[in-house]
Amino acid sequence: DQQVKQNSPSLSVQEGRISILNCDYTNSMFDYFLWYKKYPAEGPTFLISISSIKDKNEDGRFTVFLNKSAKHLSLHIVPSQPGDSAVYFCGGSGSRLTFGEGTQLTVNP
Amino acid sequence: DAGVIQSPRHEVTEMGQEVTLRCKPISGHNSLFWYRQTMMRGLELLIYFNNNVPIDDSGMPEDRFSAKMPNASFSTLKIQPSEPRDSAVYFCASSKSDRYSNQPQHFGDGTRLSIL
């Protein structure tokens with residue numbers, strides 16, 4: 001049972017534009033949602049999180065939106081930079097931490 | 001400060017052999033996690049230790065997999081016997097939190113395991 005789904009395996013955007021990465025979940029018991037970024041040959045690094053009682057959290061160029069009724073969250077990166085090119089994992093944290101499959105973001109100069 | 005240290009970085013071995021992956025968490029962190037990354041399933045949690053005690057091992061695929069944490073600075077993940085479908089990147093992570101929460105986990109750079 002895949003409780004967290006990232007349906008887009010890849011996304012390509014132009015430098016300076018907005019990147020929107022999406023994530024859907026099925027477990028209503030998640031307390032927090034987290035986004036991690038992963039570069040090749042490195043481990044994932046924590047990017048941003050949001051509590052299930054919030055609908056938005058912002059940190060610099062990164063904003064996460066949570067729509068509990070739709071069981072959907074998204075990560076917005078504005079403006080996108082070539083250094084943002086990486087695999088992004090969303091995760092839900094409750095009785096355990098469950099990650100999605102990841103989305104490869106490519107930001108073209 | 002040193003991050004999470006995993007060894008080896010790469011392991012290639014033949015089917016049926018025993019494989020041992022090693023992890024040194026960040027000093028002061030009391031939670032340790034083992035994950036497996038595959039294309040099909042993304043990042044899967046295998047097992048979670050808190051204060052050296054296994055708390056949740058429901059993600060361990062089968063009895064061929066075992067994990068230990070003999071002290072706060074060392075953990076192993078063992079596969080015996082190994083099979084080609086075990087080929088994946090295995091990550092170890094640690095955190096200060098004593099439960100699943102929004103506290104970030106710090107990941108090592110992983111071990112890329114290939115079983116021939």
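Look up a bit, the structure's there.
The rules behind each value
- Residues numbered from 1 in each chain as written.
- Chains lettered and ligands numbered in written order.
- Predicted model: local features only at pLDDT ≥ 70, side-chain atom pairs only at ≥ 80, totals over all residues.
- Heavy atoms only, no water.
- Helix = DSSP H or I, 4+ residues; strand = E, 2+ residues; numbered from the N terminus.
- Rg over C-alpha atoms; globule rule 2.2 N^0.38 Å.
- Buried < 20%, exposed > 50% of the residue type's maximum accessible area, 1.4 Å probe, protein only.
- Contact = heavy atoms within 4.5 Å.
- Areas by Shrake-Rupley, 256 points an atom, 1.4 Å probe, with all protein chains shown as cover.
- Lys, Arg positive; Asp, Glu negative; His and termini not counted.
- Charge placed at Lys NZ, Arg CZ, Asp CG, Glu CD.
- Core = buried A, V, L, I, M, F, W, Y, C linked by side-chain atoms within 4.5 Å.
- Buried area = accessible area lost by both parts, 1.4 Å probe.
- Salt bridge = Lys/Arg side-chain N within 4 Å of Asp/Glu carboxyl O.
- Polar contact = N/O pair within 3.5 Å; in protein donor to acceptor, adjacent residues only side chain to side chain.
- Pairing = 2+ DSSP bridges.
- Axes fitted to C-alpha atoms, helices over the stretch in contact; angles between N-to-C directions.

Q: Is there a simple way to explain the overall build of chain A in this structure?
A: Helix and strand counts for chain A come out as zero helices and eleven strands. For chain A, the α and β elements follow one another from N to C terminus as β-β-β-β-β-β-β-β-β-β-β. Rg of the C-alpha trace for chain A: 13 Å, near the compact-globule value of 13 Å for 109 residues, within the 12% margin. Here chain A, with 109 residues, has 48% of them falling under the buried criterion. Long-range pairs, those at least 24 residues apart, make up 54% of the contacts in chain A between residues at least 6 apart in sequence. Just so you have it, chain A exposes about 5100 Å², and 49% of that area is on carbon and sulfur atoms. Averaging the locations of the 10 positively and 10 negatively charged side chains of chain A gives two centres separated by 2 Å.

Q: So what exactly am I meant to see when it comes to the nonpolar core here?
A: One recurring pattern in soluble globular proteins is that nonpolar side chains are buried together. Of all hydrophobic cores here, the largest spans 22 residues; its most connected members are A:Trp35, A:Leu73, A:Leu75 and A:Tyr88. Breaking this core down by element, the ones donating at least two residues are strand S3 (19-25), strand S4 (32-38), strand S5 (45-51), strand S7 (62-67), strand S8 (72-77), strand S9 (86-93) and strand S11 (103-108) of chain A. Listed in part, the 21 residues of the second largest apolar core include B:Val4, B:Leu21, B:Leu113 and B:Ile115.

Q: What should I look at first to understand the interface of chain A and chain B in this one?
A: Often, the extent of an interface is quoted as the loss of accessible area on bringing the components together. Counting residues at the interface gives 21 residues for chain A, matched by 21 residues for chain B. Carbon and sulfur atoms make up 54% of the surface buried where chain A meets chain B, a total of about 1700 Å² over both sides. Put simply, chain A and chain B have zero salt bridges between them. Along the contact surface separating chain A from chain B lie four residue pairs in polar contact (both at pLDDT 80 or more). Going through the elements one at a time, S4, S5, S9 and strand S10 (97-99) of chain A are the ones with two or more residues in the side of chain A that touches chain B.

Q: It is not clear to me how the sheet that holds strand S7 (residues 65-71) of chain B should be interpreted in this structure. Could you clarify?
A: Strand pairs in the sheet, formed through backbone hydrogen bonds, run parallel or antiparallel to each other. All names here are of chain B. Taken in spatial order, the four strands line up as S1-S3-S8-S7 in an open sheet, and their pairing is antiparallel. Of all the strands in the sheet, just strand S1 (5-7) and S7 have a single pairing partner and so form its edges. On average, each strand axis in the sheet is tilted by 15° relative to the strand beside it, whichever way the strands run. Inspection of the sheet shows strand S3 (residues 19-24) paired to strand S8 (residues 74-79) by five bridges, in the antiparallel sense. Residue pairing across strands places Arg22 opposite Thr76, the latter belonging to S8.

Q: Help me understand the sheet that holds S8(A) in this model?
A: Residues and elements named next belong to chain A. Read from one edge of the open sheet, five strands run S1-S3-S8-S7-S6, paired in antiparallel fashion. Only two strands of the sheet have a single partner each, and these edge strands are strand S1 (4-5) and strand S6 (56-59). Direction of pairing for S1 relative to S3: antiparallel, over a ladder of two bridges. From the neighbouring strand, Val4 faces S3, where its bridge partner is Tyr25.

Q: In this structure, what is going on with the pattern of salt bridges? I would like to understand it.
A: Two side chains bearing opposite charge may form a pair once their charged atoms approach each other closely. Residue and element names in this part refer to chain B. A full pass over the atoms with the stated rule returns ten salt bridges over all chains. Its salt-bridge partner being Lys78, residue Glu18 comes within 3.8 Å of it at the nearest N-O pair. On the criterion of sequence distance, the pair formed by Glu18 in the loop between strand S2 (10-13) and S3 and Lys78 in strand S8 is long-range, its members being 60 residues apart. Among the residues examined, Glu18 registers a relative accessible area of 44% and is labelled partly exposed.

Q: Any chance you could explain the pairing of strand S11 (residues 111-115) of chain B here in plain terms?
A: For a regular strand, the rule is simple: side chains alternate between the two faces of the sheet. All names here are of chain B. Residues Thr111, Leu113 and Ile115 line the buried face of S11, whereas the alternating positions Arg112 and Ser114 sit on a face that is not buried. Sheet analysis places S2 next to S11, joined by four bridges and oriented parallel. Within S11, the position partnered with Glu11 by the bridge is Leu113. Bridge count between strand S9 (residues 88-95) and S11: three bridges; the pairing is antiparallel. Note on S11: the bridge partner recorded for Ala88 is Leu113.

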